[in-house]
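In case you want the letters, here they are:
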Amino acid sequence: MSSVTFVFDPKEGLGDGFLTPVYFDNEVLVKHLYSKTNAVEFASETYGTIYWPDHYMSFGINAQGAVIAWLGDLQDQPAAEQHHWREHNIPAQHDMKSEFYDAQIDAQFTQSPIAIQTINELEKWNAAFAGKHGLRLYKPTSFKDRIEAVRRCRRIIIQSEDDFIRFISELNEIINENVNTDEIRKLLKGKNVAFKDGSKGNKLLEVVYRDVLGDTTNLIEPFFMLYDVRLWADHDMGDKLLQGVCAKLGITDLTDFEAILTALLERLRGALKKLSATYG
């Protein structure tokens, strides 16, 4: 047990003091968002969890943007981790309101929307690959960008083609346009794995999955599907690309945008889970 002393107001504590909120500036999460050994999941924009290889800790984010963690959870962390959090410790704000508090104290648990689940699975796979190979397949994103991505995905309502197009474009930006192309090229060159000049994004990931990891089940396919729908959404190219994706998803109604989106997200989530389980 470390001798690190955190700043907090014991009057905010619940019960035996374990559930006493300790407040931090949100820079405390940067280390974890960019880590090669752990992942950060968000159930919502005000409730998240950090996963280390052998343990985890949940946190909240209040209306002022401060990060909240329970004193007991912090005291259970290794000494080095406690020192990291202490550096970002700020005075008590007496504002615990967040979905972190709702879930942990009032037991108001809700299932994260499938879009957020997919982003979380992407983060898990990114961290798992980095832990084994020393680089992230997707560029790490800032605290602000992660929260914004979760906020957008959580509030999406598919009621029209315009909503569908907007969300597909944003999802493609979050995932496909964030591939760590330069670092993947270095990885492939270091392993003497051939790839076509000019290859980037999913084309490079396809080579990694097939020739480095040994995937024979085409786990990259859903990511190409997302890209194809994005091309349909952003360009006047007719319905051929959307028809092709819908055929693979088993959907016949090209105007059932919620069904298309849900099926596509399920395929993406499933591929990411399998990548983590098989190669993580």
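Nothing here was measured: the structure is a model prediction, and the numbers come from that model.

Trainee: Tell me about helix α9 (residues 201-213), and name the residues and values.
Mentor: The first and last C-alpha atoms of α9 sit 17 Å apart over 13 residues, in line with the 18 Å expected at 1.5 Å per residue. For α9, every residue scored as buried is listed here: Gly201, Asn202, Leu204, Leu205, Val207, Val208, Tyr209 and Leu213. Contact partners of the buried residues in α9: α5 (114-133), α8 (181-190), α10 (221-234) and α12 (257-279). Of the residues flanking the end of α9, it is Gly214, one or two places downstream, whose phi is positive at about 90°.

Trainee: Got a sec to walk through the sheet that holds strand β2 (residues 39-44)? Specific residues and values, please.
Mentor: Ordered in space as β2-β3-β4-β5-β1-β6, the six strands form an open sheet in which the pairing is antiparallel. The open sheet has two edge strands with one neighbour each: β2 and β6 (89-90). The pairing of strand β1 (residues 21-24) with β6 spans two bridges and is classified as antiparallel. Within the sheet, the bridge partner assigned to Tyr23 lies in β6 and is Ile90.

Trainee: Residues and numbers for the side chain of Asn38, please.
Mentor: Structurally, Asn38 can be placed in the loop between α1 (30-33) and β2. Asn38 gets classed as buried once you look at its relative accessible area, which sits at 4%. At a separation of 3.3 Å, a polar atom in the side chain of Asn38 contacts the side chain of His32. Here the side chain of Asn38 touches Thr37 through a polar contact of 3.2 Å, side chain to side chain.

Trainee: Run through the pairing of β2, naming residues and quoting values.
Mentor: Judged by how many residues are buried, β2 sits mostly within the fold: five of six residues are covered. As paired strands, β2 and strand β3 (residues 47-51) are joined by five bridges and run antiparallel to one another. From the neighbouring strand, Phe42 faces β3, where its bridge partner is Gly48.

Trainee: Describe the packing of aromatic side chains, with residues and values.
Mentor: Per the counting criterion, the structure on display carries ten aromatic pairs. Measuring from ring centre to ring centre gives 5.9 Å for Phe164 and Trp232, while their planes differ by 55°; the resulting arrangement is tilted. With Phe164 in helix α7 (residues 161-174) and Trp232 in helix α10, this pair connects stretches of sequence that are 68 residues apart. Taken individually, Phe164 and Trp232 each receive the classification buried, so the pair is uniform in this respect. Through a chain of ring-to-ring contacts, the aromatic side chains of Phe6, Phe24 and Trp85 assemble into a single cluster.

Trainee: Would you mind going over the pairing of β3 in detail, with residue names and values included?
Mentor: Burial within β3 is extensive, with four of its five residues counted as buried. For β3 and strand β4 (residues 56-61), the ladder comprises five bridges, and the chain directions are antiparallel. Opposite Tyr47, over in β4, you have Gly60 as the bridge partner.

Trainee: How would you sum up the environment of Leu268? Please name residues and give values.
Mentor: In this fold, Leu268 is placed in helix α12. For the pair Leu268 and Asp106, spaced 162 residues apart in the sequence, the C-alpha separation amounts to 32 Å. In this structure, Leu268 is in contact with Thr118, Leu171, Pro222, Phe223 and Leu226, ignoring residues within four places of it in sequence.

Trainee: Mind laying out the nonpolar core, listing which residues take part and the relevant values?
Mentor: Trp85 and Tyr209 are the most contacted members of the largest nonpolar core, which has 77 residues in total. Per-element accounting of this core gives the leading share, eleven residues, to α12. What Tyr209 contacts, discounting residues up to four positions off in sequence, is Trp125, Leu137, Tyr138, Gly214, Asp215, Ile220 and Leu275. One finds Tyr47, Trp70, Phe100 and Ala103 within the second-largest nonpolar core, a separate group that totals seven residues.

Trainee: Account for the packing of α9 against α10, with residues named and values stated.
Mentor: For the pair α9 and α10, the least separation of the axes is 10 Å and the interaxial angle reads 170°. Classified by the angle between their axes, α9 and α10 sit roughly antiparallel to one another. In this structure, α9 uses Asn202, Lys203 and Glu206 to contact α10, whose residues at the interface are Phe223, Phe224 and Tyr227. When its residues are assigned to classes, the contact of α9 with α10 shows three nonpolar, one polar and two charged.

Trainee: Pulling in residues and values, what's your account of the packing of α7 against α12?
Mentor: For the pair α7 and α12, the least separation of the axes is 10 Å and the interaxial angle reads 20°. Comparing their axes, α12 and α7 come out roughly parallel. Between α7 and α12 lies a crossing whose hand is left-handed. In this structure, α7 uses Glu161, Phe164, Phe167, Ile168 and Leu171 to contact α12, whose residues at the interface are Phe257, Ile260, Leu261, Leu264, Leu265 and Leu268. Split into classes, the residues belonging to the contact of α7 with α12 amount to ten nonpolar, no polar and one charged.

About the criteria used
Residues numbered from 1 in each chain as written. Predicted model: local features only at pLDDT ≥ 70, side-chain atom pairs only at ≥ 80, totals over all residues. Heavy atoms only, no water. Helix = DSSP H or I, 4+ residues; strand = E, 2+ residues; numbered from the N terminus. Expected span 1.5 Å × (residues − 1). Buried < 20%, exposed > 50% of the residue type's maximum accessible area, 1.4 Å probe, protein only. Contact = heavy atoms within 4.5 Å. Pairing = 2+ DSSP bridges. Polar contact = N/O pair within 3.5 Å; in protein donor to acceptor, adjacent residues only side chain to side chain. Phe/Tyr/Trp six-rings, centres within 6.5 Å; stacked < 30°, edge-to-face > 60°. Core = buried A, V, L, I, M, F, W, Y, C linked by side-chain atoms within 4.5 Å. Axes fitted to C-alpha atoms, helices over the stretch in contact; angles between N-to-C directions. Parallel < 35°, antiparallel > 145°, perpendicular 65-115°, else oblique. Nonpolar A, V, L, I, M, F, W, Y, C, P; charged D, E, K, R; others polar. Left-handed = near helix turned anticlockwise from the far one by under 90°.

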